[in-house]
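Topology and contacts: notes
One-letter residues, chain by chain:
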Amino acid sequence: MTDLPSTIQRSYRIRIYPNADQRAVLNRWFGTARWAWNHALERRSKAYRRRGESVSGVDVSRAITALKKTTRYNWLTEVPAGVIVQKLRDQDRAFTNFFSGRASYPRFRKRSSAQSVRVQIDQRQHRALSRWANEDVFVPGLGAMRWRNGAHPAQAPKMVTIRRDAAGRYFVTAMVEEAPAKRPAPTNKSVGIDLGLKSLAVLSTGEVLANPRHLRAKERRLRRAQRALSRKRRGSGRWHRTRRSVARLHARVADTRANHLHQLTRRLVDENQVIAVEDLSVKGLARTRLAKSVHDAGWGEFGRQLAYKAEWAGRQLVAIDRFAPSTRQCSGCGHVRAAVPLSTRRWQCPECGAEHDRDINAAVNIERIALEQLPGGTGEVKRVESGRPRGEAA
C-alpha cells in the first residue's frame, strides 16, 4: 500500500454575497476582462491575416499597458492589472488547445449573465493572510465578503476565481495546497460497478442504485419556463426575470446531481479497498440518441470523483477494458455467449444452467477481471486490458 502524498491541491468553492458596491466593482472587472479578451483576439487575428505574424499574450499585454497611458483608455487603470493578465493567459491556453486539435478557434466574448475573473492574492499582504486565517473571504480591491454553505480553506490561496453564474449567484473558487485528510481504515472489500441508465449503477454485491433522473424530474417545469421566456421581448425586464428563473432551475438540477454523486462516491470509497469500473467512452455515448440520458446520469462526473477520492484515500481504482465480455460471460462457469440483446434483462447460461440478472452478472465479471489482473499501487487509476471480442461494443 503506498503512502498518501504529502500535499494535495484542493479546490474550495464558496458562495459569496457581495454588497451593492462590491457588485458594481465586479461588473467593471467582468467588463474589462471581456474587453481584454476581445481586444487581444482581434489583434491576433488581424496580425495573422494581414502579415502572417503570430502575436502572443505578452505582446498584447505590452500594448494594453501603453493604452493605459492614453486619455481614451485611462479607465483600464481602475481595474487590477492581474485581471487583464490572467484573461490573456486564458487566451494563450485557448490557442494552445486550438493548435493541438483539442478545441476550436477562440471566439469573441459577448456580454452575458455568466462571467468570471481571476484575481491574484499577494502572499506578502499580511492583511489578506490574516483575514483568510480568520475564516473571511477577502479579495484585494473588494474587501471581505459575506459567505456561507461551504468549507473554508485553512490558509490564504495564491489566486481566486470569482464567478457569477447565469442564475445571478456569486462564487469564489480558491485552490490551496494542503495536507490530505486522514486516510480511512484499510478494508479487504472490493466492488464491481456496472453503470446504466435505468439504474445509475449496479454493484457486484447485488445492490441496485436508483437513477434519480434529476433533469427529467424538472423537465416539465423547465418546458413551461422556457416557453414563457420565448414569449418575452428579448432584453426587456420581464425577459431577464424569466431568464433568471430558467437558469435557477438548471442550477438546481446541476447542484442536486453533483450532491448525489458526491454522497455515492464517498460511500463507495470509504467501504471498499478495490473499486472496479468499466472504461466507458462517455464522449462517444454522448453523441448517440442516448445523449440526454447519459448527461443526466453524470457518468463522466461519477468517474472523475471516484478517481481523485480513491487517490486521496489510498484506495485502488481499476478501469477494465470496455470491450471485456462482462455482459455476455457467465460469472459462474466463464462461458461466453455470442450476444445478449439489450432487451434481455435475465438469461440462462447454456453451459451450467445458471440464471443471471444482466446487470449484476456484468458487475460481478467487472470485479473478477479487475482482481485477476490487479496492477500494483494503491489509489491510482489503472487501465487493465483483457481479451476483447469486438462484437461486445455493439
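It should be noted that the structure appears before, not after, this text.
Attention here is on the structure that accompanies the text. Since the structure is predicted, the reported quantities are computational estimates derived from the model, not experimental observations. (Residues numbered from 1 in each chain as written. Predicted model: local features only at pLDDT ≥ 70, side-chain atom pairs only at ≥ 80, totals over all residues. Heavy atoms only, no water.)

1. Quick notes on the layout of surface pockets
For the second largest pocket, the calculated volume is near 1100 Å³. Taken together, 32 residues make up the lining of the second largest pocket; nearest its centre are Arg10, Ser11, Arg13, His262 and Tyr308. Counting residues per element, the lining of the second largest pocket draws most heavily on strand β1 (residues 8–17), which supplies 8 residues. Here the residues of the lining of the second largest pocket sort into 13 nonpolar, 6 polar and 13 charged. (1 Å grid on protein atoms, 1.4 Å probe; cavity = no way out; pocket = protein on both sides within 12 Å on 5 of 7 lines; lining within 4 Å. Points joined across faces, edges and corners; volume = space filled by probe spheres on them. Helix = DSSP H or I, 4+ residues; strand = E, 2+ residues; numbered from the N terminus. Nonpolar A, V, L, I, M, F, W, Y, C, P; charged D, E, K, R; others polar.)

2. Re the nonpolar core
Core analysis: the biggest nonpolar cluster contains 27 residues, and Trp29, Trp132 and Ile162 have the highest contact counts within it. Every element with two or more residues in this core is listed here: β1, α1 (20–51), β2 (115–120), α4 (126–133), β3 (137–139), β5 (159–164) and β6 (170–178). When residues of this core are assigned to their parent elements, the largest contribution, 5 residues, is made by α1. Ignoring any residue separated from it by four or fewer positions in sequence, one finds tryptophan 132 in contact with Ile121, Val137, Phe138, His152, Pro153, Gln155, Ala156, Pro157, Val160, Val172 and Ala174. The next biggest cluster of nonpolar side chains, apart from the first, holds 22 residues, and it includes Val191, Leu203, Ile275 and Ala319. (Core = buried A, V, L, I, M, F, W, Y, C linked by side-chain atoms within 4.5 Å. Buried < 20%, exposed > 50% of the residue type's maximum accessible area, 1.4 Å probe, protein only. Contact = heavy atoms within 4.5 Å.)

3. As for the state of the cysteines
Under the counting rule described, the total for this entry stands at 0 disulfides. Cysteine 349 takes part in no disulfide bond, and the closest cysteine sulfur, belonging to cysteine 333, lies 3.6 Å away. You can call cysteine 349 buried: its relative accessible area is 2%. With no disulfide of its own, cysteine 352 lies closest to cysteine 333 among cysteine sulfurs, the gap being 3.7 Å. Accessibility expressed as a relative area gives 41% for cysteine 352, which makes it partly exposed. (Disulfide = S-S within 2.5 Å.)

4. Considerations on the pairing of β6
If a strand is regular, its side chains alternate between the two faces of the sheet. Alignment of β1 against β6, held across 9 bridges, turns out to be antiparallel. Bridging from a neighbouring strand, arginine 10 pairs with valine 176 of β6. Relative to β6, β5 runs antiparallel, the two sharing 5 bridges. Within β6, the residue paired with valine 160 across the bridge is alanine 174. (Pairing = 2+ DSSP bridges.)

5. Focus: the sheet that holds β3
One open sheet accounts for 6 strands, arranged β2-β5-β6-β1-β4-β3; its pairing is antiparallel. Pairing within the sheet leaves two strands with one partner each, and these edge strands are β2 and β3. Between one strand and the next, the sheet's axes are offset by a mean angle of 35°, whatever the strand orientation. Against the sheet, helix α3 (residues 81–99) contacts β2 and β5, and its axis sits at roughly 115° relative to β2. Sitting on the sheet, α4 is in contact with β3, β4 (143–148), β5 and β6, with an inclination near 160° to β3. (Axes fitted to C-alpha atoms, helices over the stretch in contact; angles between N-to-C directions.)

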